[in-house]
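The primary structure of each chain is shown beneath.
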Amino acid sequence: MHKLAGKKILLGITGGIAAYKSALLCRELKRLGADVRVIMTVAATHFITPLTLQALSGHTVHCDLFEAESDHGMGHIELARWADLVIIAPASANTIAKLAHGQADDLLTTTVLACDKPLSLAPAMNSLMWQHLATQANIQLLISRGVTVLGPAEGEQACGEQGPGRMLEAEQIAEHLQQQLNQELLAGKKVVVTAGPTWEAIDPVRGLTNHSSGKMGYELASALRDAGASITLISGPTALSPPAGVDYINITSAKEMTDAVMANVPSCDIFIGVAAVADYRPVSPAQQKIKKDADSLSIELVRNPDILAMVAALDDAPFTVGFAAETEKVVENAQKKLTAKGIHMIAANPVSGKNSAFNADSNELTLIDRDGISHLSRCSKPLLAQKLTKEIAQRYYETYPAKDS
Ligand SMILES: Cc1cc2nc3c(=O)[nH]c(=O)nc-3n(C[C@H](O)[C@H](O)[C@H](O)COP(=O)(O)O)c2cc1C
């Protein structure tokens, strides 16, 4: 069965004895239907020839940063864009150290740095190299950034040592990659997501709004869809095209968003409020454009409905996730919001200064639930959305174990 059909896998090979196993891995990934492109470090070419990998992958093997850029083939940016997933097997202690510290001095490390797709490493090295505090610190750093580390296994090593350091077998690595790429974590679940800003009319041509671009909510809707959920995306005015395969409801004001949410949540499993909903709206918007006759103008505002609190208060409330956009005391304010609204989880992001989430292509999130706080470090919004999807799914199934399918 072609479990990896259509998947684009970038296989990085570094300089270690286990490089011979990468040939088997390449063949196994091909057998499962994946399109495989290979990057080898110079050290790797001492252990296995690029010709072997070229024959197995069916594509030119890339080894040199500058050659790849100049030969009109795939340079590091094209390779980074092309891949659905990057696996480095074997991952040497040296390359692990370089990745941990953001070094980019060869084609493989430069490509990885330019790539926001999931990265997996299958380390292979002498057991003392593996256990060295430097290697362990590098590995922990990479794990904290969302890198998946496969193995290493324990056993007898090529160098005669006994202990951890053997690369996993090709079939085991392929199995992990299949799980990673085909995660249908939320198969059969219905999720309602709100995104973007709202627009509260002052008169027919002016309104109150905010800087939300909708990118995070749209990326999250895509990631949830990829995890198998059916999605209703309720969006305020944005410049974005709705993701394919989601039910899309376009609204303008907070009131319209409230009505659309309340009509759609009763049958949903998870509700995620990413939209930056206006807290207040003008009491009575002018019917005609307001003229600048007076020196000053007061607009009376009234509170909008609190959508998250309304959803959380429903009798059969879905697992409810809020977003907190804060300009100060991000965690403290988000914690208060979690309790005040009675929701299950909150994702807090800063929206002031150079790290503002608004309109940016990258973001970071602090996740707060009733059990504590964790952090998803800064990365592109698509990757962050994938990570957040996993976090939400995990907490959803913990909260409603009976719904685990
Ligand atoms: C015979 C031999 C075997 C090696 N095996 C490994 C290994 O299994 N794992 C490892 O991390 N380094 C191993 N090394 C060291 C790496 O090849 C070396 O650190 C190199 O700089 C790695 O470069 P790369 O990370 O760019 O591929 C070995 C070196 C030699 C000479």
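Residues numbered from 1 in each chain as written. Predicted model: local features only at pLDDT ≥ 70, side-chain atom pairs only at ≥ 80, totals over all residues.

Colleague: So what exactly am I meant to see when it comes to the environment of Cys63 here?
Modeller: Take Cys63: it is sitting in the loop between α2 (50–57) and α3 (65–70). The residues touching Cys63, leaving out its near neighbours within four places in the chain, are Met40, Val42, Thr45, Pro50 and Leu107. (Helix = DSSP H or I, 4+ residues; strand = E, 2+ residues; numbered from the N terminus. Contact = placed C-beta atoms within 7 Å.)

Colleague: Looking at this structure, how should I read the site of the ligand?
Modeller: Around the ligand, a shell composed of 15 residues is seen, among which Thr14, Gly15, Gly16, Ala43 and Ser92 lie nearest. In terms of residues, the shell around the ligand owes the most to one element, helix α5 (residues 93–100), which gives three residues. Looking at the shell around the ligand residue by residue, the classes come out as eight nonpolar, seven polar and no charged. (Near = placed C-beta within 6 Å. Nonpolar A, V, L, I, M, F, W, Y, C, P; charged D, E, K, R; others polar.)

Colleague: What should I look at first to understand the nonpolar core in this one?
Modeller: Buried together is how nonpolar side chains tend to be arranged in soluble globular proteins. The biggest cluster of nonpolar side chains holds 58 residues, and the ones touching the most others in it are Val191, Val193, Leu220, Ala221, Leu224 and Ile346. For this core, the element with the highest residue contribution is helix α14 (residues 381–399), accounting for seven residues. Ignoring any residue separated from it by four or fewer positions in sequence, one finds Val193 in contact with Gly217, Leu220, Ala221, Leu224, Ile231, Leu233, Ile272 and Val274. Of all hydrophobic cores here, the second largest spans 52 residues; its members include Leu119, Leu121, Ala174 and Leu177. (Core = buried A, V, L, I, M, F, W, Y, C linked by C-beta atoms within 7 Å. Buried ≥ 20, exposed ≤ 12 C-beta atoms within 10 Å, placed from the backbone.)

Colleague: Any chance you could explain the domain arrangement of the protein here in plain terms?
Modeller: When the parts come together, some accessible area is lost, and that loss is often what is quoted as the size of the interface. In terms of domain boundaries, the protein breaks down into domain 1 (8–181) and domain 2 (190–285 + 294–403). One C-alpha centre belongs to domain 1, the other to domain 2, and the line joining them spans 37 Å. Listed per partner, the contact involves four residues of domain 1 and six residues of domain 2. A breakdown of the residues in the side of domain 1 that touches domain 2 according to their chemical character gives no nonpolar, two polar and two charged. (Domains from an automatic or database assignment.)

Colleague: Hey, could you run me through helix α11 (residues 254–264) in this one?
Modeller: Along an α-helix, residues three or four apart share an orientation, since each turn contains 3.6 residues. Every buried residue belonging to α11 is among Ala254, Met257, Thr258 and Val261, and all of these are buried. Down the axis, α11 shows its buried residues gathered within 100° of arc, on one side only. Of the surrounding elements, those touching the buried residues of α11 are β8 (190–195), β9 (200–201), β11 (230–235), β14 (280–282) and α12 (307–312). (Arc of directions from axis to C-beta.)

Colleague: Mind showing me how you'd approach unusual backbone geometry here?
Modeller: Across the chain, the bulk of peptide bonds are trans and the bulk of non-glycine residues have phi less than zero. In the segment running from Ala89 into Pro90, the intervening peptide bond is cis, with an omega of -5°. Within the element layout of this structure, Pro90 appears in strand β3 (residues 85–91). Here the residue pair Gly151 and Pro152 is connected by a cis peptide bond, since its omega of 5° sits within 30 degrees of zero. Along the polypeptide, Pro152 turns up in the loop between β5 (148–149) and β6 (153–156).

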